[in-house]
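Coordinate analysis (summary)
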Amino acid sequence: MTARILSGTEVATAILETLKKKVKQLDPKLVVVQAGDNAASNSYIKQKLKSCEAIGMRHEHIQLAEETGLPELMMLIENLNREPDVSGFIIQLPLPKQLEKHTPQILRAITPTKDVDGFGAYNLGKTFLSKEFEDLPPATPAGVIELLHYYKVPIEGQHAVVVGRSNIVGKPLAIMLLNRGATVTVCHSKTAGLSLITKQADILFCAVGKPGMITADMVKPGAVVIDIGVSRDEEGLKGDTDFISVSEVASAITPTPGGVGPMTVASLLRNVVRAKQRQVEMINKTRNLDESML
Ligand SMILES: NC(=O)c1ccc[n+]([C@@H]2O[C@H](COP(=O)([O-])OP(=O)(O)OC[C@H]3O[C@@H](n4cnc5c(N)ncnc54)[C@H](OP(=O)(O)O)[C@@H]3O)[C@@H](O)[C@H]2O)c1
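Residues numbered from 1 in each chain as written. Predicted model: local features only at pLDDT ≥ 70, side-chain atom pairs only at ≥ 80, totals over all residues.

**Here's the deal with the overall build of the chain**
Basically, it comes down to this: By the criteria applied, helices consist of DSSP H or I runs no shorter than four residues and strands consist of E runs no shorter than two, each listed in order from the N terminus. To get the radius of gyration, use the C-alpha atoms; to get the globule rule, take the number of residues to the power 0.38 and multiply by 2.2 Å. Buried means a residue has 20 or more other C-beta atoms within 10 Å of its own C-beta, exposed means 12 or fewer, and partly exposed covers the counts in between; C-beta atoms are placed from the backbone. Remark: residues whose backbone-derived C-beta atoms lie within 7 Å of one another are considered to be in contact.
The helix and strand tally for the chain stands at eleven helices and eleven strands. In terms of overall size, the chain behaves like a compact globule, its C-alpha atoms giving a radius of gyration of 20 Å where 294 residues would be expected to give roughly 19 Å. Oriented by its inertia axes, the alpha-carbon framework of the chain measures out at about 65 × 45 × 35 Å. Buried residues in the chain amount to 43% of all 294 residues. In the chain, once contacts between residues fewer than 6 apart in sequence are set aside, the share between residues at least 24 apart is 71%.

Here it is as structure tokens:
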């Protein structure tokens with residue numbers, strides 16, 4: 001069997017095209033905050049800003065010094081929370097060493113209405129409750145769900161195995177799949193007998209960051225494989241799957257690059273548009289309320 005390629009580039013292009021009209025109407029603005037000069041972050045930010053340009057979305061890249069301290073970053077977050085012209089902003093992860101241990105506190109400081117990465121407790125909580133409550137869901141899991149939807153891969157009733165349990169990818173993805181009727185198993189670094197579990201998956205998701213760790217013998221023949229992990233070596237970007245051998249066993253697979261990466265960017269920009277829409281609705285509601293009290 002040679003697997004069908006699930007192209008995230010194709011789906012993301014379609015999503016970005018649908019966003020253009022709303023961007024023109026609402027004129028949202030995304031701010032990307034980076035501390036330091038991490039090479040992988042530079043490349044992710046470049047992709048995000050390039051996609052903003054492609055759809056006419058206003059954007060700003062604030063690059064802070066590598067040695068930025070917590071008070072300075074928190075003050076910037078507070079200013080961005082208050083600035084009415086900023087529809088949404090993200091703190092590009094990973095942060096430099098002195099800030100990394102404060103990541104939960106930093107993400108918590110972003111006001112939920114501008115948390116377009118969807119990493120804060122409020123938006124994660126809404127994502128947890130049900131798919132109807134999702135508003136600004138975390139970009140990568142939302143992109144993965146959209147990719148499955150586009151290629152008509154059924155989720156309901158399927159056994160989904162998610163390898164990786166981070167708060168920004170594995171866990172929210174598992175919940176979003178559960179809320180769509182999948183039976184979900186989550187694996188992590190302490191999981192015993194990983195391949196016995198991955199072999200049971202109808203849809204296998206890998207979000208680890210260990211290139212080639214998922215080999216053909218770990219995949220059920222005919223399974224759909226969604227490779228989220230990204231690692232870089234001298235040859236370029238690599239996913240978590242041993243792509244060539246797994247393609248011989250799976251019925252469909254995402255490539256790296258060109259798979260989940262572009263979907264993450266498209267979902268992020270969709271969240272920015274949604275955030276701006278909610279902010280406009282809120283302003284109108286308050287105005288109507290004020291007028292009704294006159
Ligand atoms: N394509 C995209 O747009 C996109 C977006 C976001 C992230 N990513 C990529 O996705 C990967 C995961 O990102 P993340 O932020 O979730 O990373 P993370 O926070 O480092 O989480 C990695 C997860 O993998 C688990 N793990 C580590 N070794 C394992 C093993 N041998 N067997 C099974 N599980 C193992 C860890 O388990 P423990 O919890 O037990 O430590 C952890 O839950 C990275 O490569 C990242 O670059 C890609």
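**What about the domain arrangement of the chain?**
Selection rule: Boundaries of every domain are those given by an automatic assignment or by a domain database.
Taken domain by domain, the chain consists of domain 1 (25-111) and domain 2 (127-259). Between domain 1 and domain 2, the C-alpha centre-to-centre distance is 27 Å.

**Describing the site of the ligand**
For clarity, the cut-off: All residues are tested the same way: a C-beta atom is placed from the backbone, and lying within 6 Å of a molecule or strand makes the residue near it. When residue character is reported, Ala, Val, Leu, Ile, Met, Phe, Trp, Tyr, Cys and Pro are called nonpolar, Asp, Glu, Lys and Arg charged, and the others, Gly included, polar.
For the ligand, the set of nearby residues contains 25 residues, the closest of which are Ser-166, His-188, Ser-189, Gly-209 and Thr-264. Residue contributions to the shell around the ligand peak at three residues, all from helix H11 (residues 260-292). Here the shell around the ligand is built from residues that sort into ten nonpolar, twelve polar and three charged.

**Some thoughts on the pairing of strand E3 (residues 58-64)**
Definition in use: By definition, two strands form a pair when at least two bridges between them are found by DSSP. Seen with its strands pointing away from the viewer, a crossover is right-handed if its path from the first strand over the helix to the second goes clockwise.
Pairing between strand E2 (residues 29-35) and E3: seven bridges, direction parallel. Bridged to Val-31 within E3 is Glu-60. The handedness of the E2 to E3 crossover, carried by helix H2 (residues 39-55), is right-handed.

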